[in-house]
Amino acid sequence: MEKGTLVEFRVQGDRRLGVVDRPDGKTRWFVVDERGQSHSLAPRQLTYTVNGQTYKPADIPSFLSQVQTYLDPSSLEVAWEILVEDGETVTPSQMANLLFSESEPQHCYAAHCLLSDDKMYFKQKGDVYEPRSAAQVAERKHQIEVEAQKAKGQQEFLARVEQALQGESVEWQKPDRQRLEALEKYATFVADIVRMGINAEALVRNYPPPAPVLETMNMLGRSATPQAALQLLIDLGWWSPHENLFLRRSSIPVQFPSKVLEVAQQHLDFPPADLDTNRLDLTHLKVYTIDDESTTEIDDGLSCENLADGRQRLWVHIADPTRWLMPEDELDLEARKRGSTVYLPTGMIPMFPEVLATGPMSLVQGKICCALSFGVVLDESGAVEDYTIHPTLIKPTYRLTYEDVDEMLELGVQAEPEIEAIANLAQKRKTWRYNQGAISINMPEAMIKVKDDDISIDILDDSPSRQLVAEMMILAGEVAARYGQTHNIPLPFRGQPQPELPPEEELLQLPAGFVRFCALRRCMPKSEMSITPVRHAGLGLDTYTQATSPIRRYSDLLTHFQLKAHLRGEDLPFSAEQLKEVMMTVSTTTQELTMVERQTNRYYALEYLRRNPQEIWQVTILMWLREDSNLALILLEDLGLQLPMVFRRSVSLGEQVLVKVSIADPQKDIIQFQEIIYQEAVSG
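These figures come from a predicted structure and were not determined experimentally.

Rules of the game
Residues numbered from 1 in each chain as written. Predicted model: local features only at pLDDT ≥ 70, side-chain atom pairs only at ≥ 80, totals over all residues. Heavy atoms only, no water. Helix = DSSP H or I, 4+ residues; strand = E, 2+ residues; numbered from the N terminus. Rg over C-alpha atoms; globule rule 2.2 N^0.38 Å. Buried < 20%, exposed > 50% of the residue type's maximum accessible area, 1.4 Å probe, protein only. Contact = heavy atoms within 4.5 Å. Areas by Shrake-Rupley, 256 points an atom, 1.4 Å probe, with all protein chains shown as cover. Lys, Arg positive; Asp, Glu negative; His and termini not counted. Charge placed at Lys NZ, Arg CZ, Asp CG, Glu CD. Patch = residues over 30% accessible without salt bridge, like charges linked within 9 Å, V, L, I, M, F, W, Y side chains within 5 Å. Salt bridge = Lys/Arg side-chain N within 4 Å of Asp/Glu carboxyl O. Phe/Tyr/Trp six-rings, centres within 6.5 Å; stacked < 30°, edge-to-face > 60°. Lys NZ or Arg CZ within 6 Å of the ring centre and 35° of its normal. Axes fitted to C-alpha atoms, helices over the stretch in contact; angles between N-to-C directions. Parallel < 35°, antiparallel > 145°, perpendicular 65-115°, else oblique. Left-handed = near helix turned anticlockwise from the far one by under 90°. Pairing = 2+ DSSP bridges. Nonpolar A, V, L, I, M, F, W, Y, C, P; charged D, E, K, R; others polar.

## Some thoughts on the overall build of the protein
Okay, step 1: Looking only at helices and strands, the protein has 22 helices and 25 strands in total.
Okay, step 2: The C-alpha radius of gyration computed for the protein amounts to 39 Å, which surpasses the reference 26 Å derived for 684 residues by more than 25%, pointing to a less compact arrangement than a globule.
Okay, step 3: Looking at the protein as a whole, 46% of its 684 residues are labelled buried.
Okay, step 4: Taking the intrachain contacts of the protein between residues at least 6 apart in sequence as the baseline, contacts between residues at least 24 apart amount to 65%.
Okay, step 5: Surface accessibility of the protein: about 34,600 Å² in total, with carbon and sulfur atoms responsible for 48%.
Okay, step 6: Each charge class in the protein was averaged separately, 68 positive and 100 negative side chains, and the resulting centres sit 5 Å apart.

The following block contains the structure:
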């Protein structure tokens, strides 16, 4: 190659011109660029040779300036239209003649630049260029247009992200939502794995982010980890800082399909015919509904009727949602899919649309309501002597809270003797059950509520009013099960195997109260469901089913479907096998609901403790989780929370100590306490 020849080469992909200076060995050449830098190049690194004359490095800027005037990419379209029909190939020199009617070095090099940069009309084949077909060009134009639109969309998305990060209101577009929903799935999918302690790097290796997530995070200059995706969604205001990942990861539907809402509204506007035309009219009875103040689905009420023979009949009135739906209809199938109303600290997710659940399905004070009523007469011992079950009409007289009833019982309100009578019968009933082997485990239960980001934790104490209601619900469950057993009706019976309790002398060695209850609880087998009657050892009953929450529990609704069909003399809606199949599906769903409720409650319990790091709590040591490493389960008595704690000294079960939180991270499910000695607690 002649000294002074102008050649093109690439440096990290950039086009560069240089002048050949001298050989470098047998095959390479030293080439000097316009900056005076020398490059040792092999022939394969040279991408173009400018023929016709020799140059000096100082000539390069002038040469490039001449070339620049000819670099109009649109001119290639005209040349393509001329060449495409015959499919003729073309060299840079020929293209220069075609485009500029000139073939001087600057023209040829300009043609080379145009052709080598072109991605639309020509493709290189060796030293020549071949025109693409019309179809290929059309496709390329479409791709470029799509890419341009994508680039524009990305820029607009980035602008909206910037707005959101500055706290401004943003109207997200459909493509934005698709991006953010992809981030949601990624952040949600790995929530459990993060909580298991796997680090971010290992997580990304094992669960690489999908392409849309990777693109979005790279575009925003953030690492493509699930934690970063979670933080971005929070920063954008798309998620709250305490987004319920447990709920998002579950299959629990939060919203009702529009079709179901339409059906609910139609039933409200045009009530379906009541199949129970022979309802027993009990509107003359005084009916008490007893619930928490916040309860909106009121599904049970109580009455006490004095009989002519001096005996008293208890009435347990249960809301009758089957008045408003049929097996296998839209409302039933949606309720079956949900399995139960979900109760979370942040609010509830109902099993039925609220327009029905809190309206005509509920036992509303002062209104005539449809119910399924269980009338029961107890004998002197508290056993069921006689019972009757009827679809009824009732008119709830009072809506009371548990606190109202506790006060009435304490004061002995003479105007409401029925309340005292029900309480006395409930106590008699409880005594009878314990004589039948019922097992009492009385552990405090925390009720966690979140309102406007404020977290409150109260203890659900085992007050007389709550015991009263619980006994009446258990009584109705026993009566429903006995009716099913007597008439051979498949029902979702509930049972619990007889537990193998520790010997009494062993239990007596444990401190009385919570420690002993905790030991008993560990021995209790899980309750089980069956389509045939089975003993419930924990309740002390030979047969039992749940029938008192049909607005809130699908298994109770099944019991109502079966009982009411039999009471009408109709065929049962579910055969034994059909019922078994439905129960299996619902049981799987309710297990998931229970897990989400438990995880969400634990999250907010830890968040509450995180917010109160200086608070000193009195705790009781309930049981050992790993005695060899001093890991125990403790009870925070003021909050009703049971959490793990590692002790640095030897402690005993039942011992009460003072602690405060040292680390609380609800996102990672981490809680650690430190013991406070008495002097420190006083000085603090």
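## Section: a negative patch on the surface
Okay, step 1: Together, Glu293, Glu403, Asp461 and Asp462 make up a region of like negative charge exposed at the surface.
Okay, step 2: Positionally, Asp462 belongs in the loop between strand E18 (454–460) and helix H17 (464–486).

## Quick look at the packing of aromatic side chains
Okay, step 1: Taken as a whole and assessed by the stated rule, the structure comprises 11 aromatic pairs.
Okay, step 2: For the ring pair Trp172 and Trp238, a centre distance of 6.4 Å and an interplane angle of 85° mean the geometry is edge-to-face. Here Trp238 lies in the loop between helix H10 (226–235) and helix H11 (245–249) and Trp172 lies in the loop between helix H5 (134–165) and helix H6 (174–189), a separation of 66 residues in the sequence.
Okay, step 3: Geometrically, the ring pair formed by Phe561 and Phe574 is tilted, given 6.3 Å between the ring centres and 50° between the ring planes. A residue pair is termed long-range when its members are at least 10 positions apart, and Phe561 in helix H20 (residues 554–567) and Phe574 in the loop between H20 and helix H21 (576–610) qualify at 13 residues.
Okay, step 4: Residue Phe574 is classed as buried on the basis of its relative accessible area, which comes to 2%.
Okay, step 5: A network of ring pairs unites the aromatic residues Tyr48, Tyr55, Phe63 and Tyr109 as a single cluster.
Okay, step 6: The ring of Phe256 is capped by Arg338, whose NZ or CZ atom sits 3.6 Å from the centre of that ring.
Okay, step 7: Between the NZ or CZ atom of Arg466 and the centre of the ring of Tyr402, over which it lies, the distance is 4.0 Å.

## Focus: the packing of H20 against H21
How two helices sit against one another is set out by the angle between their axes and by the gap between those axes.
Okay, step 1: Where H20 contacts H21, the two axes come as close as 10 Å, and the packing angle between them is 160°. By the angle between their axes, H20 is roughly antiparallel relative to H21. Crossing handedness for the pair H20 and H21: right-handed. On H21, the residues that touch Tyr554, Leu558 and Gln562 of H20 are Leu579, Val582, Met583 and Val586.

## Some words on the pairing of strand E22 (residues 631–636)
Okay, step 1: Summarising burial for E22: 6 of the 6 residues are buried, a large majority.
Okay, step 2: Of the two faces of E22, both are covered, the one formed by Leu631, Leu633 and Leu635 as well as the one formed by Ala632, Ile634 and Leu636.
Okay, step 3: The antiparallel hairpin formed by strand E21 (residues 617–626) and E22 contains 4 residues in its connecting segment, where Asn630 sits at a positive phi of about 60°.
Okay, step 4: Of the pairings in the sheet, the one linking E22 to strand E23 (residues 641–646) comprises 6 bridges and is antiparallel in character. Residue pairing for E23: Leu631 is matched across the bridge by Val646.

## Focus: the packing of helix H12 (residues 258–269) against helix H13 (residues 330–338)
Okay, step 1: Packing of H12 against H13 leaves a shortest axis separation of 9 Å and a crossing angle of 130°. Considering their axes alone, H12 and H13 lie oblique with respect to each other. Helix-helix and strand crossings are classified by hand; for H12 and H13 the assignment is left-handed. Contact residues: Lys259, Val260, Val263, Ala264 and His267 in H12; Glu330, Leu331 and Glu334 in H13.
Okay, step 2: Looking at side-chain class alone, the contact of H12 with H13 contains 4 nonpolar, 1 polar and 3 charged residues.

## A closer look at the sheet that holds strand E3 (residues 28–33)
Okay, step 1: Reading across the sheet, the 5 strands line up as E4-E3-E2-E1-E5 and stay open at both edges, with antiparallel pairing between neighbours. A single partner strand is all that each edge strand has here, and the edge strands are strand E4 (38–41) and strand E5 (46–50). Across the sheet, the axes of successive neighbouring strands diverge by a mean angle of 40°, strand direction being ignored.
Okay, step 2: Relative to strand E2 (residues 14–24), strand E1 (residues 6–11) runs antiparallel, the two being bridged by 6 bridges. Counted as the bridge partner of Leu6 is Val19 from E2.

## What to know about the pattern of salt bridges
Okay, step 1: Under the defined criterion, the tally for this structure stands at 45 salt bridges.
Okay, step 2: Close ionic contact of Arg248 with Glu184 constitutes a salt bridge, the shortest N to O distance being 3.5 Å. Here Arg248, found in helix H11, pairs with Glu184, found in helix H6; they are 64 residues apart in sequence, far enough to count as distant.
Okay, step 3: Residue Glu184 is classed as buried on the basis of its relative accessible area of 13%.
Okay, step 4: Salt bridges here are not isolated pairs; linked through shared partners, they connect Asp274, Asp276, Arg279, Asp320, Arg323, Lys564, Arg568 and Glu570.

## Description of the environment of Gly437
Okay, step 1: Within the element layout of this structure, Gly437 appears in the loop between helix H16 (417–435) and strand E17 (445–451).
Okay, step 2: Separated by 99 residues in the primary sequence, Gly437 and His536 have C-alpha atoms spaced 9.8 Å apart.
Okay, step 3: Once you skip the residues sitting within four places of it in the chain, Gly437 turns out to touch Ala537 and Gly540.

## A few points about the sheet that holds E21
Okay, step 1: The strand order E23-E22-E21-E24-E25 describes an open sheet built from 5 strands, whose pairing is antiparallel. What marks the edges here is a single partner per strand, and that holds for E23 and strand E25 (670–676). On average, each strand axis in the sheet is inclined to that of its neighbour by 45°, with strand direction left out of account.
Okay, step 2: Across 6 bridges, E21 lies against E22 in antiparallel orientation. For Thr620, the partnering residue across the bridge sits in E22 and is Leu635.
Okay, step 3: Strands E21, E22 and E23 of the sheet are contacted by helix H19 (residues 514–523), whose axis makes an angle of about 35° with E21.

## Observations regarding a nonpolar patch on the surface
Okay, step 1: A grouping of Val78, Ile82 and Leu98 is seen on the molecular surface, where their side chains present a nonpolar patch of about 250 Å² in accessible area.
Okay, step 2: Topologically, Leu98 is positioned in helix H3 (residues 92–100).
Okay, step 3: Assessed through its relative accessible area of 35%, Leu98 is described here as partly exposed.

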